[in-house]
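# Structure at a glance
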Amino acid sequence: MGAGTATGTDQRTGTATAADPLYERLKAYEGRSTSNASVGKDPVNETMIRHWCEAMGDTNPAYEGPDAVAPPTMLQAWTMGGLSGHPDRSGAYEELSALLDDAGFTSIVATDCEQEYLRPLRPGDRITFDAVIEAVSPRKTTKLGTGHFITTRMDVRAGGLLAGTHRFRVLKYAPARRRGPEPGRPKRPRPVINRDNAGFWEGVAEHRLLIQSCAGCSTLRFPWLPGCNACGSRDWDTVEASGEGTVYSYVVMHHPPFPAFTVSDHGADAGGPYAVALIELAEGVRMISNVVGVPYDKVRIGMPVRLEFLRADEELELPVFRAGGEG
């Protein structure tokens, strides 16, 4: 059960409780700036736009040519500080995090982000941005443990005009104590299923890999999105993938070891290493999945693969790709 808020109300039952003195201190950080009038290290530019579009498989013609705009989802990319970071951070976020650490909320997990786009960014635009701690939640109890949600808001400007807003939320928490060893193999994390991608997971349950097809221009897209990148239409249908593909790119995951990701059919030790690949399907779209059927160090770019479905546990089945003609 979560502890009371500063107003003395239990979050689950609504009954009066003693106020949480820690929350009073945390609440004081709301509205504090974490960076003020920071400047993006690079102007909006064609090179970064091209790399982004190639990585995302986004062929929208609006992102190239003399009148190009940047993809809206690149909003945060122009604010990133790289390995050296931004020197003008205020330290408020670090103070808040240390306060939570001292109170025993030492673990952190990102929970979600929201972006709002107000005007397009164009090559040559110089980016400035301000960031604040927008909200700290009362103490909440989740499956991970008990802690506080922290929301930061970044306002991104070009030429002094607001171009977009980026909100990022994390949970700082104390991990829940396990009541005892869980029988059997640990479970993999659950995929996020929402109204935009529910149809994909319904297809997986039927052993069908479904790709969205725009009803306006017939462009195929993956992952699933609410609108077409090519023409903007919100109407769509699906086509079933043949299951044939090739490895377009890949990485090998070594750490941290996690037994739930053991792939027993190619002899990997519990938890890895294992190969995660960007698969180019025969239909022309790309998706991320595991490559199975060969040791991780035998995976190669251009390797032919074939779709199959992996039963991860009694509740979860996933599309994976088996290397063809290898073993």
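The rules we used
Residues numbered from 1 in each chain as written. Predicted model: local features only at pLDDT ≥ 70, side-chain atom pairs only at ≥ 80, totals over all residues. Heavy atoms only, no water. Pairing = 2+ DSSP bridges. Helix = DSSP H or I, 4+ residues; strand = E, 2+ residues; numbered from the N terminus. Core = buried A, V, L, I, M, F, W, Y, C linked by side-chain atoms within 4.5 Å. Buried < 20%, exposed > 50% of the residue type's maximum accessible area, 1.4 Å probe, protein only. Contact = heavy atoms within 4.5 Å. Arc of directions from axis to C-beta. Salt bridge = Lys/Arg side-chain N within 4 Å of Asp/Glu carboxyl O. Axes fitted to C-alpha atoms, helices over the stretch in contact; angles between N-to-C directions. Phe/Tyr/Trp six-rings, centres within 6.5 Å; stacked < 30°, edge-to-face > 60°. pLDDT = per-residue confidence, 0-100. Disulfide = S-S within 2.5 Å.

The antiparallel open sheet is built from three strands, whose spatial order is S8-S7-S9. Edge positions in the sheet fall to strand S8 (220-221) and strand S9 (236-240), since each has one partner strand and no second.

On to the nonpolar core, then. Core analysis: the biggest nonpolar cluster contains 28 residues, and Leu209, Val247, Ile279, Leu281 and Phe321 have the highest contact counts within it. Counting residues per element, the ones that place at least two in this core are helix H4 (198-205), strand S7 (210-214), strand S11 (274-281), strand S12 (286-292), strand S13 (304-311) and strand S14 (317-323). For this core, the leading source of residues is S11, giving four residues. Those residues within four positions of Ile279 in sequence are excluded, and the remaining contacts are Gly245, Thr246, Val247, Val285, Arg286, Met287, Val291, Val305 and Phe321. Counting residues in each nonpolar core, the second largest holds 17 residues, with Ile127, Ala131, Met154 and Ala163 among its members.

Another aspect to go through is the environment of Met74. With respect to the element layout, Met74 can be found in the loop between helix H2 (46-56) and helix H3 (92-102). Using a relative accessible area of 1% as the deciding quantity, one classes Met74 as buried. Setting aside residues up to four positions removed in sequence, Met74 forms contacts with Met48, Ile49 and Trp52.

On to H3, then. When we look at burial in H3, the residues that qualify are Ala92, Leu96, Ser97, Leu99 and Leu100. Down the axis of H3, the buried set is contained in an arc of 155 degrees. They therefore lie on one face. Among the structural elements, helix H1 (21-27), strand S1 (33-39), strand S3 (127-136), strand S5 (145-158) and strand S6 (161-175) are those in contact with the buried residues of H3. Looking one or two places after H3, you find Gly104, whose phi comes out positive at around 100 degrees.

Turning our eyes to something else, we now look at the pattern of salt bridges. Under the counting rule described, the total for this entry stands at 22 salt bridges. Taking the shortest distance from any N to any O, the salt bridge between Arg167 and Glu134 comes out at 2.7 Å. A residue pair is termed long-range when its members are at least 10 positions apart, and Arg167 in strand S6 and Glu134 in strand S3 qualify at 33 residues. On the basis of relative accessible area, Arg167 is assigned to the partly exposed category, the value being 24%. Here Arg322 makes a salt bridge to Glu308, at a shortest N to O gap of 2.7 Å.

On to the sheet that holds S11, then. What the five strands build is a closed barrel, ordered S10-S11-S12-S14-S13; its pairing is mixed. Neighbouring strand axes in the sheet, compared pairwise and without regard to direction, differ in orientation by 50 degrees on average. Here strand S10 (residues 244-253) pairs with S11 via eight bridges, running antiparallel. Paired with Val252 across the two strands is Ala275, which belongs to S11. Sheet strands in contact with H4 are S13 and S14, and its direction is about 65 degrees off that of S14.

Counting through the fold element by element, Gly227 comes out in the loop between S8 and S9. Placed 13 residues apart in sequence, Gly227 and Cys214 show a C-alpha to C-alpha distance of 8.2 Å. For Gly227, the residues in contact, after removing those within four places along its chain, are Arg221, Ser233 and Arg234.

A few words now on the packing of aromatic side chains. For the structure on display, the rule yields four aromatic pairs. Centroid distance Phe200 to Trp201: 5.1 Å. Interplanar angle 80 degrees. Geometry classified as edge-to-face. Exposure class is identical for Phe200 and Trp201. Each is buried. Here the aromatic rings of Trp224 and Trp236 are separated by 5.1 Å at their centres, their planes lie at 65 degrees, and the arrangement is edge-to-face. Of this pair, Trp224 sits in the loop between S8 and S9 while Trp236 sits in strand S9, and the two are 12 residues apart along the sequence. On the accessibility criterion, Trp224 (9% relative accessible area) is buried.

Turning to the confidence of the model for the protein chain, a few remarks are in order. Mean pLDDT over the protein chain stands at 86; residues scoring 70 or higher make up 86%. Below a pLDDT of 50 lies the segment residues 1-17, which in the model reaches 32 contacts outside its immediate sequence neighbourhood of four places, other chains included. A low-confidence stretch, residues 265-270 stays under pLDDT 50, and its non-local contacts, those more than four residues away or across chains, total 15 contacts.

A separate point is the state of the cysteines. Scanning all chains against the criterion turns up zero disulfides. Between Cys217, a cysteine without a disulfide, and Cys228, which holds the nearest cysteine sulfur, the sulfur-to-sulfur distance is 3.7 Å. For Cys217, a relative accessible area of 33% corresponds to the partly exposed category. Between Cys231, a free cysteine, and Cys214, which holds the nearest cysteine sulfur, the sulfur-to-sulfur gap is 3.5 Å. Looking at Cys231, the relative accessible area reads 42%, which means it is partly exposed.

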